[in-house]
Structure formats: structure tokens, C-alpha cells
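Here is how the chains run, residue by residue.
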Amino acid sequence: MPYRRLPNTDAARIRALKAALKKGQYLEIDTIAYPFALKQKIEFFLPKFEVAITNSKLAKEKQFDNSQKFSEYTKKARLYISHFIQVLNFCIARGELKPSARTFYGLDENSSKVPSLLTEQDLLQWGEKIIAGEQNRISNGGNPIYCPSIALVKVNYENFKENYTRQKQFQNNSARESGNVAQYRNDADALILEVWNEVERYFEGVKDEEEKRYMCEEYGLVYVFRRGEKERIRRRKEAESITLKLF
């Protein structure tokens, strides 16, 4: 016998619920293969489930659309902050600035190593330090560093920071909407299982297995044949047909 396969995607869940409703719309209440109260539950639940899926999809699309822009801003901020620190070190190497100038930026006075800028948190931390450090050094009588200037560093850092906040909001929205769908998904699975059980119970008196399966499928039930099962059923029917002809 073929076995039932419950939906494992949201699209399949929607199809199953809609199929059950559609079949019930053309029948009298007392001839529907599942209770009328269950039909009302599906009618109330289905629109909310569809809205949740739509909202989740839109949230993911917004996150994806912004991610490319955010990636560019991140790349530029990393480039400008890194280059500024390298130019600072060049100035020190040429004797234009003293090694103690590094302390304005929170850097090790005796190291020309550029700090890690791999993570977003690294960029947030060092961007603030570099901008504040340059302004502090200049206010103490130092000459500005150019190529890049701190103004360019700041512009690119602020673009990154603004889009970092926006991207985090998109991620939070996406996670929240996905969580809503997950909750509805559990309810959808419970409704589908209940409908399918009721439908099979309603038609359990039908002797012909193929006819019974067809009646159930009209309500959205999905049956899957095991390997070679269709061929075995075909042969059995041929054998039964031959037997009937002999009699």
C-alpha cells in the first residue's frame, strides 16, 4: 500500500489546506469528510498563515537587498581606516611624527601593526578611536594627516555605521517574521494531520483501495507509492481480471 506523505514545505502546507477547503465548499455540511468545525478552523487560520509567510518573504528580501549595499560600505570603511593607520605609521617612519602619536588613537606606541579589522565590531571600535584620536591630536597642535584625510575616513565610517544599524534591524525583522511562520507552521501541521485522519476515517468503508485513495486525494491527501508498488498493483489487477473472466 502507498503511504501518506505530509507536507514538508510551506507551499505544500498551503496547498493541502486549500484543497481541503475547496472540496468542502461544494458539498453539504453533512457530506463533508471532516467535521464542519474543523473547516471553520482552517478558514480562520489559513489567511493568517499566508500573511505570515508573505511578511517573512518580504523581510528576507529587504535583508538581502540591503546586504549587498552594506557589504560595500563595510569594505570601504575597512579600507579607509586601514589606510589611515598605515599612513600614520609612514609618517612616524619618516620622522614626521613621534611614535607617541599612536597613543592618541589607542594604538601601541611601539608597534606599527594594523589592528584586526575583520569583524563589524572591530570596525565600529577602531573607527571611533581613529576619528576621535585624530581630532584630539590636531587640537593638541598636531598637523592633519592626509591621503586619506580624517574627513574621508569619517564619511565612510558613518556610512558603514548607519547601514550596520539598518542591516541589524533587517536581520531582526527577518528573524522575528521567520519565528512567526514557525509557530504557524506547527498549527498548520496539526490541522492537516487532523483533516487527513478524519478523511481517511470517513472513507474507511470503501472496499476498493484505488477508489478510496482517489476520494481521499480530492481532499488534498498525498500518497506515495513505494518502489515497484505500482507494477505489483497492476499485475494483481490483471490477475484478478483474468480470474473473473474464467468464472
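Of note, Asp-122 is situated in helix α3 (residues 120–139). No salt bridge is formed by the buried Asp-122; the nearest opposite charge belongs to Arg-78, separated by 7.4 Å. Among the polar contacts made by the side chain of Asp-122, one reaches the side chain of Thr-119 at a distance of 3.0 Å. Non-local contacts of Asp-122, meaning those with residues more than four positions away in its chain, are made with Ser-116 and Leu-117.

This brings us to the environment of Asn-89. Looking at the element boundaries, Asn-89 is found in helix α2 (residues 36–93). Judged by its relative accessible area of 10%, Asn-89 is buried. For the pair formed by Asn-89 and Ala-101, sequence separation is 12 residues and the distance between their alpha carbons is 9.5 Å. Those residues within four positions of Asn-89 in sequence are excluded, and the remaining contacts are Arg-102, Ser-111 and Ser-112.

We now examine the confidence of the model for the protein chain. Looking at the protein chain, pLDDT values average 91 and 91% of them are 70 or higher. Mean pLDDT in the protein chain bottoms out at helix α6 (residues 229–246), which sits at 57, and peaks at α3, which reaches 97.

What follows covers unusual backbone geometry. Excluding glycine, a negative phi dihedral is what most residues carry, and trans is how most peptide bonds are arranged. Residue Pro-148 is bonded to the preceding Cys-147 through a cis peptide linkage, with omega at 10°. Its location among the elements puts Pro-148 in the loop between α3 and α4 (150–202). Non-glycine residue Cys-147 carries a positive phi angle of around 55°. Locating Cys-147 in the fold gives a position in the loop between α3 and α4. A relative accessible area of 70% places Cys-147 in the exposed class.

About the criteria used
Residues numbered from 1 in each chain as written. Predicted model: local features only at pLDDT ≥ 70, side-chain atom pairs only at ≥ 80, totals over all residues. Heavy atoms only, no water. Helix = DSSP H or I, 4+ residues; strand = E, 2+ residues; numbered from the N terminus. Buried < 20%, exposed > 50% of the residue type's maximum accessible area, 1.4 Å probe, protein only. Lys, Arg positive; Asp, Glu negative; His and termini not counted. Salt bridge = Lys/Arg side-chain N within 4 Å of Asp/Glu carboxyl O. Polar contact = N/O pair within 3.5 Å; in protein donor to acceptor, adjacent residues only side chain to side chain. Contact = heavy atoms within 4.5 Å. pLDDT = per-residue confidence, 0-100.

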